[in-house]
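# Fold and geometry: a report
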Amino acid sequence: MSKKYLIGLDIGTSGAKCIITDDRGTVIASSTQEYPLYTPKPGWAEQNPQDWWDAVVRGLKVILPKSGVNPADIAGMSFSGQMHGLVALDEHYEVIRPSILWCDQRTQAQCDWLTEKAGGVKGLLSYTNNRMLTGYTGGKILWLRDEEPDNFARMKVFVCPKDYIRYKMTGKIGIDVSDASGTGFFDTKNRCWSEALIGIAGLDMSIFPKAEESTALAGQVTEAAAAETGLPEGLNCYFGGGDAVIQTTGAGLVKPGVLGVVIGTAGNVSMAVDHYEDNPNGDLQMFCGNEPGLWLAFGVTLTAGGAYRWYRDALCEAEQAKAKAEGRNIYDVMGEIAEQSVPGAHGVVFTPYLTGERCPYPDPNARGSFYGLTLGTEKCDFTRSVMEGVTYSLKQLIDIMGNFAASEKVYTSGGGSASALWRQMQADIFNLPVYTMSAASEGGAYGAIMVAGVGAGIWKDLNEAVSIIRPETETLPIAENQPAYNHAYAIYNQIYHALKPVYDLSASLGY
């Protein structure tokens, strides 16, 4: 029997990743194609869906010839993508306006309105098991109705980012249950749209696409898509999943007890749950997983690696010049600077609320800060404190996750996992062994490979699929580092509450 191959596509915030693997999960070729993000107003974030498609086409035209794979041996393709983005489509399935993204914060008034209409947070949780957060698709739909009624009237249906790419591939509209969970209108217990909540919102069910399981067959590559991409016409396409969910699948998280920590542009902590769990107070997000009978509990901090990148661009001009002159990675140079400080960064504590916050503080008014500066504070303390502050924000999520299951170990991924220093910080601050896993650097695209492989019958289920994933690095906690981190974490836990009145005052003044 000839070897089979799989394709995974991930529509990220900064670029589209396309990968092709064999039926043992070995990555044969990979390409990432970037595109812009637009911020027409403070707190807004938008992208042009055509940019996603153009990037996917470019990426496929890189990996297909590079892999040398016979197109006839490709068994299937699936999709991952940034969650919550609103792609509004008209009656011809043409894009009406730029997509409003997950990190956009314009919908607070709509989220508050719906929460009140639903009977408060407790009432809302009874429909979906989740709060209606500003990042979610639901608030964006209501904002469109309130602020752009002409565009809302034109909208026949909405989809999320990866679903638009799948539509471009197959000509068929739909959404998977994990991405649907992130709209705020999905009954995650029963894995279907909450018609009751949609009715309370005054929306028509017709604009909500049909929701299917991640491993379900969504359609085949059309003749037009094949001509544009180089893919074989008729290739089976499977629904896939939202990136925050499916990247945990790609990292091997399909059983309770193992925490997934991602330090990408945003950061998240997640754990697979093999049965439905209530979400008291809506502190976490409880989404459907990538196969029937699987759910995912997770929390998101909005600015993780994004905070470190901001720090790089805003305050590390000298380090960038040094990296360029020496032909080195800028983050390696920054890491060396951070290592000149000590655990706890000599009392400097950074809060990474650069675009507001989601968990454990769903607050678009929250802002980033450095606390604890003295005349003795040095650049190395600033640098280290940014890394530590992001890790403290993730530690808060792990503490909440303990309500669902005991944590045994951490699988870390995302750009932050490439740093040995950052992995050690995670092990010390979480007080858990931390592992990087094979192919986790491929993110959601690798999770899409898992889903495509199950859909195509290469693996019987996700548990069998992830058996091919192996640990690559192990980082154990260093006991003598923990007291300093514990002290700094205690301070970190107080900063939001102490500054909450200041955040709200700043917001009222337009800052």
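So, here's what we can say about the structure. (Residues numbered from 1 in each chain as written. Predicted model: local features only at pLDDT ≥ 70, side-chain atom pairs only at ≥ 80, totals over all residues. Heavy atoms only, no water.)

### Structural notes on the overall build of the protein chain
In terms of helices and strands, the protein chain carries 18 helices and 24 strands. Taking 511 residues into account, the globule formula puts the C-alpha radius of gyration at 24 Å, and the protein chain, at 22 Å, falls close to it. Principal-axis analysis of the C-alpha atoms gives the protein chain an extent of 65 × 55 × 45 Å. Relative to its full complement of 511 residues, the protein chain shows a buried share of 60%. Look at the contacts in the protein chain between residues 6 or more apart in sequence, and 72% of them connect residues 24 or more apart. A total of about 19,300 Å² of accessible surface is found on the protein chain, and carbon and sulfur atoms cover 50% of it. (Helix = DSSP H or I, 4+ residues; strand = E, 2+ residues; numbered from the N terminus. Rg over C-alpha atoms; globule rule 2.2 N^0.38 Å. Buried < 20%, exposed > 50% of the residue type's maximum accessible area, 1.4 Å probe, protein only. Contact = heavy atoms within 4.5 Å. Areas by Shrake-Rupley, 256 points an atom, 1.4 Å probe, with all protein chains shown as cover.)

### What to know about unusual backbone geometry
A cis amide bond links Cys359 to the next residue, Pro360, at an omega of 5 degrees. Even without a glycine there, the phi angle at Tyr93 is positive, about 60 degrees. Among the secondary structure elements, Tyr93 is positioned in the loop between strand E6 (87-89) and strand E7 (99-100). One non-glycine residue, Asn281, lies in the positive phi region at around 65 degrees. Tracing the chain through its elements places Asn281 in the loop between strand E17 (267-273) and strand E18 (285-288). Residue classification places Asn281 among the exposed positions, given a relative accessible area of 52%.

### Focus on a nonpolar patch on the surface
On the surface, Leu505, Leu509 and Tyr511 cluster together into a nonpolar patch covering about 390 Å² of accessible area. Tracing the sequence through the fold places Leu509 in the segment after helix H18 (482-508). (Patch = residues over 30% accessible without salt bridge, like charges linked within 9 Å, V, L, I, M, F, W, Y side chains within 5 Å. Salt bridge = Lys/Arg side-chain N within 4 Å of Asp/Glu carboxyl O.)

### Considerations on the pattern of salt bridges
Within the structure shown, the criterion is met by 22 salt bridges. Glu442 serves as the salt-bridge partner of Lys17, at 3.2 Å between the closest nitrogen and oxygen. In this pair, Lys17 sits in strand E2 (residues 15-22) while Glu442 sits in the loop between strand E23 (434-437) and helix H16 (444-455), placing the two residues 425 residues apart along the sequence. On the basis of relative accessible area, Glu442 is assigned to the buried category, the value being 13%. Glu212 serves as the salt-bridge partner of Lys210, at 3.3 Å between the closest nitrogen and oxygen. Looking at Lys210, the relative accessible area reads 59%, which means it is exposed.

### Here we look at the pairing of E23
Within a regular strand, side chains alternate between the sheet's two faces. Burial of E23 is two-sided: the residues Val434 and Thr436 facing one way and the residues Tyr435 and Met437 facing the other way are all buried. Two strands pair when backbone bridges link them, and strand E22 (residues 409-413) and E23 are joined in this way by 2 bridges, in the parallel orientation. Looking across to E23, one finds that Val410 is bridged to Val434. Relative to strand E24 (residues 471-475), E23 runs antiparallel, the two being bridged by 4 bridges. By the bridge assignment for E24, Tyr435 is matched with Glu474. (Pairing = 2+ DSSP bridges.)

### Some words on the environment of Ser506
Among the structural elements, Ser506 can be located in helix H18. According to the relative accessible area criterion, Ser506 is partly exposed, its value standing at 24%.

### Some remarks on the packing of aromatic side chains
Under the criterion given, the structure shown has 24 aromatic pairs. On the numbers, 5.6 Å between centres and 85 degrees between planes, the contact of Phe185 with Phe208 is edge-to-face. In this pair, Phe185 sits in the loop between helix H7 (177-181) and strand E10 (186-187) while Phe208 sits in the loop between helix H8 (195-200) and strand E12 (211-212), placing the two residues 23 residues apart along the sequence. Of the two residues examined, Phe185 and Phe208, each falls in the buried class. For the pair Tyr392 and Tyr492, a centre-to-centre distance of 5.6 Å together with 50 degrees between the ring planes defines the contact as tilted. You can see Tyr392 sitting in helix H14 (residues 379-401) and its partner Tyr492 sitting in helix H18, a full 100 residues away along the chain. Across this residue pair, the class does not change: Tyr392 and Tyr492 are buried. An aromatic cluster of at least three residues, connected via ring pairs, comprises Phe158, Phe185, Phe186, Trp193 and Phe208. Cation over ring: Arg106 sits above Trp44, and NZ or CZ is 3.5 Å from the ring centre. We note Arg191 situated over the ring of Trp295; from NZ or CZ to the ring centre the distance is 5.0 Å. (Phe/Tyr/Trp six-rings, centres within 6.5 Å; stacked < 30°, edge-to-face > 60°. Lys NZ or Arg CZ within 6 Å of the ring centre and 35° of its normal.)

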